[in-house]
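# Descriptive structure summary
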Amino acid sequence: MRIAVTAGEPRLDAEIDPRFGRCPFFLIVETDNLSVEAISNENQALGQGAGIQSARLLAERGVKFVLTGNCGPNAHQTLTAAGIGVIVGCSGTVRSAVEQFAAGRLQAASAPNVPGHTGMSAGTSPAPPVPAPAPPASGPGQGAGPGYGMGRGRGAGGGMGGGMGRGIGRGRGQGGGRGQGRGRGCGGS
């Protein structure tokens, strides 16, 4: 059976990379004889859609299961729609995970285990929850104030300041559309 494991390096004794769509390599392993095909993941640098494109790549290769640390909702949906089982929570070496899979000790996940855009930058923890927006400011300087949320400056404040910025990653700013800022207007993506 052909399975794919997310890896940091193109070898069987490499550590599993916990990010499905943004891992450096996929190791496609034949469980019958442990033959390995290493595929460089060219989707890891995509601005968005890395998980979906990576899932399509593995479906084209005839993979039946994916072993990884984390898998978000879009990638999980694409993988399961292609008939590929998703096993999350894997760590250690690729070889160890393959051996556990072959011994029947790993179970497919019925749902993603992280929210979307979790693996956008290596070595950081997921962004904190987005607080409720504050009521609009009044008087001069409308829109000036801290903005917290899931944004990286993708939004631009409309009207006289701030707004609802939309983006990815962690954001903190001065009401200029990073995350949910205070003020009037709604920034575009």
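None of these values were measured; they are calculated from a predicted model.

## Looking at the side chain of R22
Relative to the elements of secondary structure, R22 occurs in the loop between β1 (2-7) and β2 (25-30). No salt bridge forms around the buried R22; measuring N to O, its nearest opposite-charge neighbour D17 is 9.8 Å away. At 2.8 Å, the side chain of R22 and the backbone oxygen of L46 are in polar contact.

## Side note on the pattern of salt bridges
The tally for this structure, following the rule as stated, stands at six salt bridges. Between D13 and R95 there is a salt bridge, and its shortest N-O distance comes to 2.8 Å. With a gap of 82 residues between them, D13 in the loop between β1 and β2 and R95 in helix α3 (residues 94-102) connect regions that are remote in the sequence. Accessibility expressed as a relative area gives 41% for D13, which makes it partly exposed. Taking the relative accessible area as the measure of exposure, R95 reaches 29% and is therefore partly exposed. The partner of E37 in a salt bridge is R61, and the shortest N-O contact between them spans 2.6 Å. Residue E37 is located in strand β3 (residues 35-40), and its partner R61 is located in the loop between α1 (50-60) and β4 (65-67); the two are separated by 24 residues in the primary sequence. For E37, a relative accessible area of 29% translates into the label partly exposed. The class of R61 is partly exposed, set by a relative accessible area of 33%. Here the residues in one salt-bridge network are R2, E30, E37 and R61, joined through shared partners.

## Looking at unusual backbone geometry
Non-glycine residue L34 carries a positive phi angle of around 60 degrees. Relative to the elements of secondary structure, L34 occurs in the loop between β2 and β3.

## Remarks on the nonpolar core
Membership of the largest hydrophobic core comes to 16 residues, with the highest contact counts inside it found for F20, F26, L58, V63, V66 and L79. For this core, the secondary-structure elements that each account for two or more residues are β2, α1 and α2 (73-81). With near-sequence residues (within four places) excluded, V66 lies in contact with A4, F20, L58, L79, I84, G85, V86 and I87. In terms of nonpolar packing, the next biggest core, distinct from the first, is built from 15 residues, I3, A7, V29 and I87 among them.

## Digging into the sheet that holds β2
The strand order β3-β2-β1-β4-β5 describes an open sheet built from five strands, whose pairing is mixed. Across the chains shown, the open sheet's two edge strands, defined by having one partner strand only, are β3 and β5 (85-87). Between one strand axis and the next, the sheet turns by 20 degrees as a mean value, whatever way the strands run. As paired elements, β1 and β4 share three bridges and run parallel to each other.

## A look at the side chain of N41
Relative to the elements of secondary structure, N41 occurs in the loop between β3 and α1. Among the polar contacts made by the side chain of N41, one reaches the main-chain carbonyl oxygen of G21 at a distance of 3.0 Å. Discounting chain neighbours no more than four positions away, the residues touching N41 are F20, G21, R22, C23, P24, F25, F26 and S54.

## Notes on the packing of aromatic side chains
Following the criterion strictly, the structure yields two aromatic pairs and no others. When the centroid spacing of 5.5 Å and the interplanar angle of 55 degrees are considered together, the rings of F20 and F26 count as tilted. The exposure class of F20 is buried, given its relative accessible area of 3%.

Cut-off values and rules
Residues numbered from 1 in each chain as written. Predicted model: local features only at pLDDT ≥ 70, side-chain atom pairs only at ≥ 80, totals over all residues. Heavy atoms only, no water. Helix = DSSP H or I, 4+ residues; strand = E, 2+ residues; numbered from the N terminus. Buried < 20%, exposed > 50% of the residue type's maximum accessible area, 1.4 Å probe, protein only. Lys, Arg positive; Asp, Glu negative; His and termini not counted. Salt bridge = Lys/Arg side-chain N within 4 Å of Asp/Glu carboxyl O. Polar contact = N/O pair within 3.5 Å; in protein donor to acceptor, adjacent residues only side chain to side chain. Core = buried A, V, L, I, M, F, W, Y, C linked by side-chain atoms within 4.5 Å. Contact = heavy atoms within 4.5 Å. Pairing = 2+ DSSP bridges. Axes fitted to C-alpha atoms, helices over the stretch in contact; angles between N-to-C directions. Phe/Tyr/Trp six-rings, centres within 6.5 Å; stacked < 30°, edge-to-face > 60°.

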